[in-house]
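# Descriptive analysis of the structure
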Amino acid sequence: MKRSLIFIFLLTILLGCARLTEVQKLPVVPFPSNVETTEGSFLLNAQTQIAYHFENKEEGRIANYLGEKLRASTGFPFQFVNIEDTKGNCISFNHIKDEQLGKEGYELTINPNNVMIEANGDAGFFYGVQTLLQILPPEIFSPTKVNGVNWSLPCLHIRDYPKYKWRGMHFDVVRHFFPKEFIKTYLDILAMHKINVFHWHLTDDQGWRIEIKKYPKLTSVGAWRVDREYQDWTHRDPPKPGEKAAYGGYYTQEDIKEIVEYAKERFITIVPEIEMPAHSLAALASYPQFSCTGGPFNVAVGSYWPITNIFCAGNDSTFIFLQNVLDEVIKLFPGRYIHVGGDEANKTEWEKCPKCQARIKSEHLKDEAELQSYFMKRIEKYLISKGKKLIGWDEILEGGLAPEATVMSWRGMNGGIEAARSGHDVVMTPTDYCYFDYYQGDPETEPPAIGGNLPLKKVYSFEPIPEDSLTEEQYKHILGGQANLWTEYVPTPSHAEYMLLPRLAALAEDVWTPSELKNYKSFLFRVNELVKKYETLGWNYCKTNLDD
Ligand SMILES: [Zn+2]
């Protein structure tokens, strides 16, 4: 009897401890670095104004963005007013100088009389607005007017800035092609989660998706494959002679400019990926002279393994071709980084190719691994001459890393740790935590996926810097983390949303929120609020992990 009483007593204490505080229930993802709740609430109504310094363009731009969102769902006018002329009942923007907040941080203060967003510049204002919108009822995300909602905000003070500067999400538009309009939706999803890098996987064995004016066959030939959508990805019949290649698509340079601009308005930098030397069959189907054998090749209809047909490293015209391609890519994408892949190159053809072997000799290279290193160093030199930085998958470590290369560590974290120790920048994206093409629940009940198992809770346990692995100086080379969505088994936009959400919410918290504030129970509570917003926005999501 006594023992069971003690047990009940302890259980009560435990349950009490596990109860979430009001702050932990604040429906904001990623959770802010600092939240203090205060008394009272602020109510949006037909008289609420948006105030800013009319001479400040950055404030004005974001004030306008907020105004559009609020007007659509509430139906209130939200007139703009110069900040000197306001007498309360307003949402105001205020430019400040605060070193700790950095480029992306902000302060949000909600009083009974007004709401204030303060930041150093427009990225901070934008994230302050994202937080404000999430604190409002989910209906605020409705594109049309919603009646009968109490548009109330709890009084509080938030001071918030990100843990990492690289908060990335990748998307493969090769294995399946996704239209321009969906890329914009994808960017909207990223922006809501304060993700600031969109890694756009544009070329691979199964398609070339970016218009290059100098090489029109890259899209007239390379963007299309024979349709085998009715067969499983790994068991597809090869194309028959003369069969029409009808599945695919590509983005024109005008499309790309539109998407780059759309991303910029949401403070997202696009990192385009042009794969080399492997994952290049679509390019070689278009221009077989840049392979070792001369082809001919077909754009792969499904799984293609091992990846033997790769760019010839002994042929100077291959490099001229790639430099010309990169010239057009560089003009389209204003960000600093160009991703050049570098992964999964099978060197069988290089071993047999007289030109590649001659290159190994003339450059005094030890083997084909060093030939790949030569390839990457040559491309890096070119990118640097154009003011860009090379980033590649961790295979670029093999045979020697290009001098200024940034490594994207996907085969676990060891490649990233090794690179950081040798003074290179790193983005962590290990398969075990970051591959959103993996199942998120029981394969019996989930839609088909590539394999693996990556439930929400596991994504939430990801830390881009493994404990005790690096010195303080080396830490600084870990730019952040990223998740990847490969699309072999993701044929539609709605399915892409399903694989992305809500796992992106967990990733967002991994790369934004201070580790000591991460709490899975709190996260789960807030994610259940967040999915109501997804629903209002018409975004599909996985419900499998929302109960525990
Ligand atoms: Zn060759």
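Computed from a prediction, not measured in an experiment: that's the story for all the values here.

### Some details on the overall build of the protein chain
Of the regular secondary structure elements, the protein chain holds 18 helices and 19 strands. For 548 residues, the compact-globule estimate of 2.2 N^0.38 gives 24 Å, and the C-alpha radius of gyration of the protein chain, at 25 Å, lies within 12% of that figure. Once the C-alpha set of the protein chain is aligned to its principal axes, its extents read approximately 75 × 70 × 50 Å. When contacts within the protein chain are restricted to residue pairs at least 6 apart in sequence, long-range pairs at least 24 apart make up 71% of them.

### Observations regarding the domain arrangement of the protein chain
As assigned here, the protein chain comprises domain 1 (25–160) and domain 2 (166–537). Every contact between the two is made by 15 residues of domain 1 and, on the other side, 21 residues of domain 2. Of the residues contributing to the side of domain 1 that touches domain 2, the split by class is ten nonpolar, three polar and two charged.

### Describing the sheet that holds strand β3 (residues 80–82)
Strand pairing in a sheet takes place through backbone hydrogen bonds and is either antiparallel or parallel in direction. One open sheet holds the seven strands; their spatial order is β1-β7-β5-β6-β4-β2-β3, and the pairing between them is mixed. The two strands at the open ends of the sheet, each matched to only one other strand, are β1 (34–43) and β3. Between one strand and the next, the sheet's axes are offset by a mean angle of 20 degrees, whatever the strand orientation. Packed onto the sheet, helix α2 (residues 57–74) meets β2 (49–52), β3 and β4 (90–95) and runs at close to 170 degrees relative to β2. Contacting β4, β5 (106–110), β6 (114–119) and β7 (152–160), helix α3 (residues 122–135) crosses the sheet at an angle of about 145 degrees to β6.

### Examining the environment of M169
By the element assignment, M169 lies in strand β8 (residues 166–172). Residue class for M169 comes out buried when judged on the 26 C-beta atoms lying within 10 Å of it. Taking the C-alpha atoms as reference points, M169 and S280, 111 residues apart in sequence, are found 22 Å from one another. For M169, the residues in contact, after removing those within four places along its chain, are L190, I195, F198, Q482, A483 and L504.

### Here's the deal with the packing of helix α8 (residues 316–332) against helix α11 (residues 368–385)
Taken N-terminus to C-terminus, the directions of α8 and α11 make an angle of 35 degrees; their axes are 11 Å apart at the nearest point. The hand of the α8/α11 crossing is right-handed. Contacts from F319, L322, Q323 and L326 in α8 reach R378, I379, Y382 and L383 in α11.

### Side note on the sheet that holds strand β19 (residues 478–483)
Strand order in the closed barrel made by the eight strands is β8-β9-β14-β15-β16-β17-β18-β19, with parallel pairing throughout. Across the sheet, the axes of successive neighbouring strands diverge by a mean angle of 30 degrees, strand direction being ignored. Packing of helix α12 (residues 414–421) onto the sheet brings it into contact with β17 (406–409), β18 (426–428) and β19, and relative to β17 it is tilted by some 160 degrees. Sheet contacts for helix α17 (residues 503–512): β8 and β19; angle to β19, the most-contacted strand, approximately 175 degrees.

### Observations regarding unusual backbone geometry
Looking along the chain, the bond that leaves M276 and enters P277 is cis, with omega of -10 degrees. Within the secondary structure, P277 is located in the loop between β14 (269–276) and α7 (281–286). Here the residue pair G295 and P296 is connected by a cis peptide bond, since its omega of 0 degrees sits within 30 degrees of zero. Of note, P296 is situated in the loop between α7 and α8. Phi is positive for K194, close to 60 degrees, though the residue is something other than glycine.

### Structural notes on the nonpolar core
Grouped together as the largest cluster of nonpolar side chains are 167 residues, with contacts concentrated most on L190, F198, I268 and L504. Shared between two domains, this core holds at least three residues of each, these being domain 1 (25–160) and domain 2 (166–537). When near neighbours in sequence (up to four residues on either side) are disregarded, F198 contacts M169, L187, L190, A263, I268 and I270.

### Here's the deal with helix α4 (residues 180–192)
Here α4 is 13 residues long and its end C-alpha atoms lie 19 Å apart, about the 18 Å a rise of 1.5 Å per residue gives. If you check which residues of α4 are buried, you get I183, Y186, L187, I189, L190, A191 and M192. Elements that come into contact with the buried residues of α4 comprise α3, β8, β9 (197–201), α6 (253–265), α16 (493–500) and α17. Trailing α4 by a residue or two, K194 shows a phi angle of about 60 degrees, which is positive.

### Focus on the environment of G302
With respect to the helices, strands and loops of the structure, G302 is situated in the loop between α7 and α8. The class for G302 is buried, based on 20 C-beta atoms found within 10 Å. Sequence separation between G302 and R175 is 127 residues, and the spatial gap between their C-alpha atoms is 7.7 Å. Ignoring anything within four residues of it in the chain, the contact list for G302 reads R228, W233, T234 and R236.

Criteria and thresholds
- Residues numbered from 1 in each chain as written.
- Predicted model: local features only at pLDDT ≥ 70, side-chain atom pairs only at ≥ 80, totals over all residues.
- Helix = DSSP H or I, 4+ residues; strand = E, 2+ residues; numbered from the N terminus.
- Rg over C-alpha atoms; globule rule 2.2 N^0.38 Å.
- Contact = placed C-beta atoms within 7 Å.
- Domains from an automatic or database assignment.
- Nonpolar A, V, L, I, M, F, W, Y, C, P; charged D, E, K, R; others polar.
- Pairing = 2+ DSSP bridges.
- Axes fitted to C-alpha atoms, helices over the stretch in contact; angles between N-to-C directions.
- Buried ≥ 20, exposed ≤ 12 C-beta atoms within 10 Å, placed from the backbone.
- Left-handed = near helix turned anticlockwise from the far one by under 90°.
- Core = buried A, V, L, I, M, F, W, Y, C linked by C-beta atoms within 7 Å.
- Expected span 1.5 Å × (residues − 1).

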